[in-house]
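Fold and contact review
Listed below, chain by chain, are the residues.
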Amino acid sequence: DQFKKRNNEILQMKKVSFLVTGLLVGIAVNVYDYVIHDLLLLKLLYYKLPIMRYGMSTSQAELVSDAAVPFFVIADFVAAYVFVSFYQWILKSIPAGAKGGLLFGLASGVLINIPTWYVCSLQLNQFPITLAFSWTLAGMGWTILAGILSGLLLKKREVVGMNQ
């Protein structure tokens, strides 16, 4: 009975650790996306591209952009929790801490972003390679940030559903 109680306490701590890590990673990547896309790429690249909605008048573009913000925020939180769950899944296979998070973030960033944005530039009309390159770098930055934070916040013993 004591053993069962202790295991339940450990599982509860693991779940809380997962929820807190996902929340903190979600906040961090939302800030990251705001800085990269709204402060940097918007003025440097997006206004110049015909495929972006910013080709409209300024007031129309702001309305479209403002309406989409809640969906981008929610998507970043969902992606953060998915990322953290995969990180926990492979946690015993990589070094602990920020180094393991960096390795996982880099590997997942390469596997996700390079093929995705390169294929988009090949298959979609008016999807320039400059946009593909920018989104590849931005996406890899996102996964590296999420990986480092996950590595710092999660310890091997706190993995949900894993044995001690």
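Preceding block: the structure.
The following refers to the structure shown. Positions within a chain are numbered from 1, following the residues in the order the chain's sequence is written. Owing to the predicted nature of the model, reporting of local features is limited to residues with pLDDT of at least 70; listing and counting of side-chain atom pairs is limited to 80 or more, with chain, interface and lining totals taken over all residues. Values reported for side chains reflect all heavy atoms of the structure, with hydrogen atoms and water molecules removed beforehand.

**Digging into the overall build of the protein**
- Per the secondary structure count, the protein includes 4 helices and 0 strands.
- Beginning at the N terminus, the succession of helices and strands in the protein can be written as α-α-α-α.
- Should any heavy atoms of two residues lie within 4.5 Å, those residues are considered in contact. Across the protein, the fraction of contacts at a sequence separation of at least 24, relative to all contacts at a separation of at least 6, is 77%.
- For the protein, the exposed area adds up to about 10200 Å²; of that, 69% sits on carbon and sulfur atoms. Each helix corresponds to a stretch of at least 4 residues labelled H or I by DSSP, and each strand to a stretch of at least 2 residues labelled E; elements are numbered beginning at the N terminus. Computed with the Shrake-Rupley method and a 1.4 Å probe, the accessible areas treat only the protein chains shown as cover for residues.

**Let's talk about the packing of helix α3 (residues 97–123) against helix α4 (residues 129–153)**
- Helix axes use the C-alpha atoms of the stretch in contact, all axes being lines fitted to C-alpha atoms, and the angles between their N-to-C directions lie in the range 0 to 180 degrees. Orientation of α3 relative to α4, taken along the N-to-C sense of each, is 160 degrees, at an axis distance of 7 Å. It follows that α3 is roughly antiparallel to α4 by the angle criterion. Judged by the sense of rotation from one axis to the other, the crossing of α3 with α4 is right-handed.
- Note that Gly is not counted as nonpolar here; it falls among the polar residues with everything else outside the nonpolar set of Ala, Val, Leu, Ile, Met, Phe, Trp, Tyr, Cys and Pro and the charged set of Asp, Glu, Lys and Arg. Its residues assigned to classes, the contact of α3 with α4 comprises 14 nonpolar, 12 polar and no charged. Working rule for angles: under 35 degrees goes down as roughly parallel, over 145 as roughly antiparallel, 65 to 115 as roughly perpendicular, anything else as oblique. Helix crossings fall into two classes, left-handed where the near helix is turned counterclockwise from the far one by less than a right angle and right-handed where it is turned clockwise.

**Let's talk about the packing of aromatic side chains**
- Here is the rule: rings of Phe, Tyr and Trp (six-membered ring for Trp) pair when centre to centre is within 6.5 Å. Planes less than 30 degrees apart are stacked, more than 60 are edge-to-face, and the remainder are tilted. The final tally for this structure, using the stated rule, is 9 aromatic pairs.
- Ring geometry for F83 versus W142: centroids 6.1 Å apart, planes at 80 degrees, classification edge-to-face. Of the two residues, F83 is situated in helix α2 (residues 58–90) and W142 in helix α4; the sequence distance between them amounts to 59 residues.
- Exposure categories follow from relative accessible area, calculated using a 1.4 Å probe and restricted to protein chains: below 20% of the type maximum is buried, above 50% is exposed, and the middle band is partly exposed. We classify F83 as buried; its relative accessible area is 8%.
- Each ring, one from F127 and one from W135, has its centre 5.7 Å from the other, and the planes form 70 degrees; the classification is edge-to-face.
- Every member of this aromatic cluster is reached through a ring pair, and the members are Y46, W117, F127 and W135.

**Remarks on the nonpolar core**
- Residues grouped as a nonpolar core are buried Ala, Val, Leu, Ile, Met, Phe, Trp, Tyr and Cys residues, joined through side-chain atoms within 4.5 Å. In terms of nonpolar packing, the biggest core is built from 27 residues, with Y46 and L131 touching the most fellow members.
- Breaking this core down by element, the ones donating at least two residues are α1 (2–44), α2, α3 and α4.
- Top contributing element to this core by residue count: α1, with 7 residues.

**Let's talk about unusual backbone geometry**
- A positive phi angle is found at Q126, which is not glycine, with a value near 60 degrees.
- Within the element layout of this structure, Q126 appears in the loop between α3 and α4.

**Some remarks on the side chain of N113**
- With respect to the helices and strands, N113 occurs in helix α3.
- Pairs of N or O atoms within 3.5 Å make up the polar contacts considered here, provided that, within protein, one atom can donate a hydrogen while the other can accept it, and that residues adjacent in sequence are counted only when both atoms are side-chain atoms. A distance of 3.4 Å separates the side chain of N113 from the backbone oxygen of G139, its partner in a polar contact.

**Observations concerning the side chain of S121**
- As for its placement among the helices and strands, S121 is situated in helix α3.
- Judged by relative accessible area, S121 falls into the buried class, the value being 15%.
- Separated by 2.7 Å, the side chain of S121 and the backbone oxygen of Y118 make a polar contact.
- The residues contacting S121, other than those within four sequence positions of it, are F127, P128, I129 and A132.

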